[in-house]
Amino acid sequence: MKVYSISILLQTKSAKNPIILAGKQDVSERIFFTRCRYIFNIFFPRKKKTSIRTAIFFHNNSIRDFMVFTTRTVYSKVNDSKASVQEKDYFCHCLKGKDGLGAVIIADAEYKQQLAFGLMTDLVIQFKKKFDMRSPPIKAKCSKDHQFDEAFPELAKLLVDCQDPRKVDKVLKIHSQIDQTKAVMYVVVVVLFECAFE
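Residues numbered from 1 in each chain as written. Predicted model: local features only at pLDDT ≥ 70, side-chain atom pairs only at ≥ 80, totals over all residues. Heavy atoms only, no water.

**Some words on the sheet that holds strand β1 (residues 3-10)**
Thinking step 1. Taken together, five strands build an open sheet; the order of strands is β2-β1-β5-β4-β3 and the sheet is antiparallel. If you trace the sheet from one side to the other, it starts and ends with β2 (19-25) and β3 (82-87), each paired once. Averaged over neighbouring strand pairs, the angle between their axes works out to 15° when direction is ignored.
Thinking step 2. Where helix α3 (residues 113-130) meets the sheet, its contacts fall on β1, β2, β3, β4 (90-96) and β5 (101-108), and the angle it forms with β5 comes to roughly 145°. (Pairing = 2+ DSSP bridges. Helix = DSSP H or I, 4+ residues; strand = E, 2+ residues; numbered from the N terminus. Axes fitted to C-alpha atoms, helices over the stretch in contact; angles between N-to-C directions. Contact = heavy atoms within 4.5 Å.)

**Remarks on α3**
Thinking step 1. Relative to the 26 Å expected for 18 residues at 1.5 Å per residue, α3 spans 26 Å between its end C-alpha atoms, a close match to the ideal helical length.
Thinking step 2. Here α3 has its buried residues at Leu 115, Ala 116, Phe 117, Leu 119, Met 120, Leu 123, Val 124 and Phe 127. (Expected span 1.5 Å × (residues − 1). Buried < 20%, exposed > 50% of the residue type's maximum accessible area, 1.4 Å probe, protein only.)

**Remarks on unusual backbone geometry**
Thinking step 1. Phi is positive for Lys 88, close to 55°, though the residue is something other than glycine.
Thinking step 2. In this fold, Lys 88 is placed in the loop between β3 and β4.

**Description of the nonpolar core**
Thinking step 1. Core analysis: the largest hydrophobic core is formed by 31 residues, its most contacted members being Val 3, Ile 6, Leu 21, Ile 105, Tyr 111, Phe 127 and Phe 148.
Thinking step 2. Contributions of two or more residues to this core are made by β1, β2, β5, α3 and α5 (154-161).
Thinking step 3. Of the residues forming this core, the biggest block, eight residues, is contributed by α3.
Thinking step 4. Discounting chain neighbours no more than four positions away, the residues touching Phe 148 are Leu 21, Ala 22, Phe 127, Phe 131, Ile 138, Lys 141 and Cys 142. (Core = buried A, V, L, I, M, F, W, Y, C linked by side-chain atoms within 4.5 Å.)

**Focus: the confidence of the model for the chain**
Close inspection of predicted coordinates is inappropriate in any region flagged by low pLDDT.
Thinking step 1. Looking at the chain, pLDDT values average 78 and 84% of them are 70 or higher.
Thinking step 2. Taken as a whole, residues 32-45 scores under 50 in pLDDT and shows 20 contacts with residues more than four places along the chain or in a different chain.
Thinking step 3. Low confidence marks residues 47-55, where pLDDT is under 50. Its contacts with residues over four positions away, or in another chain, come to four contacts. (pLDDT = per-residue confidence, 0-100.)

**Notes on the side chain of Arg 72**
Thinking step 1. Here Arg 72 shows up in helix α2 (residues 52-77).
Thinking step 2. Among the polar contacts listed, one links the side chain of Arg 72 to the backbone oxygen of Pro 18, at a separation of 2.7 Å. (Polar contact = N/O pair within 3.5 Å; in protein donor to acceptor, adjacent residues only side chain to side chain.)

**Some points on the pairing of β3**
Thinking step 1. In this sheet, β4 lies alongside β3 in antiparallel orientation, the contact comprising six bridges. What sits directly across from Val 85, in β4, is Cys 92.
Thinking step 2. Adjacent in sequence and paired antiparallel, β3 and β4 are bridged by two residues, among which Lys 88 carries a positive phi angle near 55°.

Given below as structure tokens:
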């Protein structure tokens, strides 16, 4: 279960494309490398000697750009308040509010849809609490992409935390606590039986 991208977007009636207010992408794994190998071979032919660092930099940036493009496209095309778009082994979950503010998560197919929508709902609520979208300085910042990346560090923390669903999903957290309690109880019961038979 892996989340690759989390973004907060704003779709206004005057703007043609949605604006990505804050977004974080995880390109640490090379999982996309096989899917994007053709791009790599086009820009770095085998005849040309290229350093690995240059190739990895290009590869990571192209993946990041592709995720940003996908995020923006899905958010602009989806008309429902909640939607999921599947492409092979990946899902793009989209949550859109009536005011145009919403979120998009790109994750693998194993990541639960309900968990993704819960995360996006909480994220949008946190964003609205932190920034008053009606104030003139905030409205002015909403005209360009990634203007809230530094002002909203909760997004980067959430991207790290949501890689382990037990950290963010309350139900899974309770299940893991119950499993730990069961394990302790089994050990105690076995010890009591052993003491009773001696």
